[in-house]
Amino acid sequence: MKKLIIIAIISILWNQNIVAQKNENSVQDSREIDIIMKADEVKIGGTLIIPANLKTSSLVILSSGSGDQDRDETLEGFKIFKVLAEHLATTGIASFRYDDRGVGTSTGNFVNSTIDDHAKDLESIMDYFKTNKKHPFNNFILFGHSQGGILAGKVAVGNKSVKKVILMGAPSVPLIEVVTYQVRQDYEHTDLPKNLIEADVSAHNKLMKAIEDNKNIDEAYQLFRQTTETILCKMSSSHDVDSLKIKQQAIAKADEFKITYGLPSLTSFLYHDPSKDLEQLEVPVLGLFGGLDFQVPIFQNKDRMENALLKSGTDYHFITFDKANHFFQKATTRSRDEYTTLEKKFVDGFLDEISSWILDI
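We now turn to the structure provided with this report. (Residues numbered from 1 in each chain as written. Predicted model: local features only at pLDDT ≥ 70, side-chain atom pairs only at ≥ 80, totals over all residues. Heavy atoms only, no water.)

1. Some words on the packing of helix α7 (residues 217–235) against helix α8 (residues 243–260)
Interaxial distance between α7 and α8 falls to 8 Å at its minimum, and their mutual angle equals 135°. Classified by the angle their axes make, α7 and α8 are oblique. Judged by the twist between their axes, the crossing of α7 over α8 is right-handed. Listed contacts from α8 to I217, D218, Y221, F224, R225, T228, E229, L232 and C233 of α7 are I246, K247, Q249, A250, I251, K253, A254, D255, F257 and K258. Split by residue class, the contact of α7 with α8 holds 10 nonpolar, two polar and seven charged. (Axes fitted to C-alpha atoms, helices over the stretch in contact; angles between N-to-C directions. Helix = DSSP H or I, 4+ residues; strand = E, 2+ residues; numbered from the N terminus. Parallel < 35°, antiparallel > 145°, perpendicular 65-115°, else oblique. Left-handed = near helix turned anticlockwise from the far one by under 90°. Contact = heavy atoms within 4.5 Å. Nonpolar A, V, L, I, M, F, W, Y, C, P; charged D, E, K, R; others polar.)

Here it is in structure tokens:
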């Protein structure tokens, strides 16, 4: 009896080792090719991974979130897209991840680029592979993380080459709503009165709109500064408030947000409504949500996304990972301060759900 048990254990370990070797070999056998391609007035650099044994003719193109990101979407030391691309390779799925404008081997100016510029870059990547003789692809799956999901939905509309869309922690409301939500959340653990919190939200709203319309900017700026000064005074723990210091802090914050809200890389996204794009999709959509996602909270975005896809009539599948943050790491709180302490890996089942959905397993 003991002999049979030992044999069974050896057999299990042997099979597990074979599986591990197969997965490892799948990555090693894949071709990893660095590419620089022309996209209108800029060049886009990225990495193509082609598995030795392709199981789908579609190429997954990975678009990163807000800010100027490298092709691996390295955030807090976690190479999100690199890990994802390598997993896809082990399951027979080709992928391409790329540097944003002005990052790595990509040229151009990210700060002054707009949502339309980013859309052109993504379309140019597809055009490149459609005409490339060495690595030809005619079918694509657009994968967008966070703000990259807005881009994926926009580019997929009416594009016959796009066969599926994957939205990872992607907003389905205009970014203006995400920004104002985050302003409120910044006061979640304070004793600041609600009327002052809402005054701050309004100050942010008015400054963004003034910059968008290029009207009454000085008036909106002064309101923002005064509101900030009032809040800083209220939150000061000192009985002897240093009025000059607080005034300087308020001016510095107002100046910072005036610049931030004036950046084309942000403002062009602020009032774009992603749900309007989703309403027009005719391809299957996979929506991935983190239960502990602070940046793109599930309650603000899931219903809007679902209603848009119901209106479109397309097939969709939603998966919620209860303990996942915005990077889909296993988290314990919704705090942004926690990211640096977390293991640089995805929550259990995350990668398998994506590859299985792509392959319809």
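2. Things to note about the sheet that holds strand β3 (residues 58–63)
The pairing of strands in a sheet happens through backbone hydrogen bonds and is either parallel or antiparallel. Reading across the sheet, the eight strands line up as β1-β2-β6-β3-β7-β8-β9-β10 and stay open at both edges, with mixed pairing between neighbours. Strands at the two margins of the open sheet, each flanked by one partner only, are β1 (31–39) and β10 (316–321). Pairwise comparison of adjacent strand axes, ignoring direction, gives a mean angle of 20° for this sheet. Where β3 lies against strand β7 (residues 139–145), six bridges are found, and the strand directions are parallel. Along β7, the bridge assignment pairs V60 with I141. Sheet strands touched by helix α3 (residues 115–131): β1, β2 (42–50), β3, β6 (94–98), β7 and β8 (162–168). Its angle to β1, the strand with the most contacts, is close to 115°. Sitting on the sheet, helix α11 (residues 298–312) touches β8, β9 (285–290) and β10, and the angle it makes with β10 is about 170°. (Pairing = 2+ DSSP bridges.)

3. Some words on the side chain of D200
Of note, D200 is situated in helix α6 (residues 194–213). Summary of buried charges: D200 has no salt-bridge partner, and the nearest side chain of opposite charge, K253, is 4.5 Å away. (Buried < 20%, exposed > 50% of the residue type's maximum accessible area, 1.4 Å probe, protein only. Lys, Arg positive; Asp, Glu negative; His and termini not counted. Salt bridge = Lys/Arg side-chain N within 4 Å of Asp/Glu carboxyl O.)

4. Points about the packing of aromatic side chains
One pass over the structure, following the stated rule, counts 17 aromatic pairs. Aromatic pair F96 and Y98: ring centres 6.3 Å apart, planes at 15°, arrangement stacked. Summarising the aromatic geometry, the rings of Y181 and F299 are spaced 5.6 Å apart at their centres and angled 70° between planes, so their arrangement reads as edge-to-face. Taken together, the positions of Y181 in helix α5 (residues 175–185) and F299 in helix α11 put the pair 118 residues apart, joining distant regions of the chain. (Phe/Tyr/Trp six-rings, centres within 6.5 Å; stacked < 30°, edge-to-face > 60°.)

5. A few points about the pairing of β10
Across six bridges, the pairing between β9 and β10 is parallel. In the sheet register, G290 faces β10, and the bridge partner there is F321. Between β9 and its parallel partner β10, the chain crosses via α11, and the hand of that crossover is right-handed. (Right-handed = clockwise from strand over helix to strand, strands pointing away.)

6. A few points about α3
If you check α3, its first and last C-alpha atoms are 25 Å apart, about what 17 residues at 1.5 Å a residue would give, namely 24 Å. Among all positions of α3, only I115, D117, H118, A119, D121, L122, S124, I125, M126 and F129 are buried. (Expected span 1.5 Å × (residues − 1).)

7. Looking at the nonpolar core
Of all hydrophobic cores here, the largest spans 37 residues; its most connected members are L59, I61, F96, F129 and L142. Membership of the second largest hydrophobic core comes to 31 residues, among which are A89, L288, A324 and Y339. (Core = buried A, V, L, I, M, F, W, Y, C linked by side-chain atoms within 4.5 Å.)

8. Section: the environment of L196
In this structure, L196 sits in helix α6. Its relative accessible area of 15% is what places L196 among the buried residues. L196 sits 116 residues away from I80 along the chain, and the two C-alpha atoms are 38 Å apart. Among all residues touching L196, those that are not within four sequence positions of it are T230, I231 and K234.

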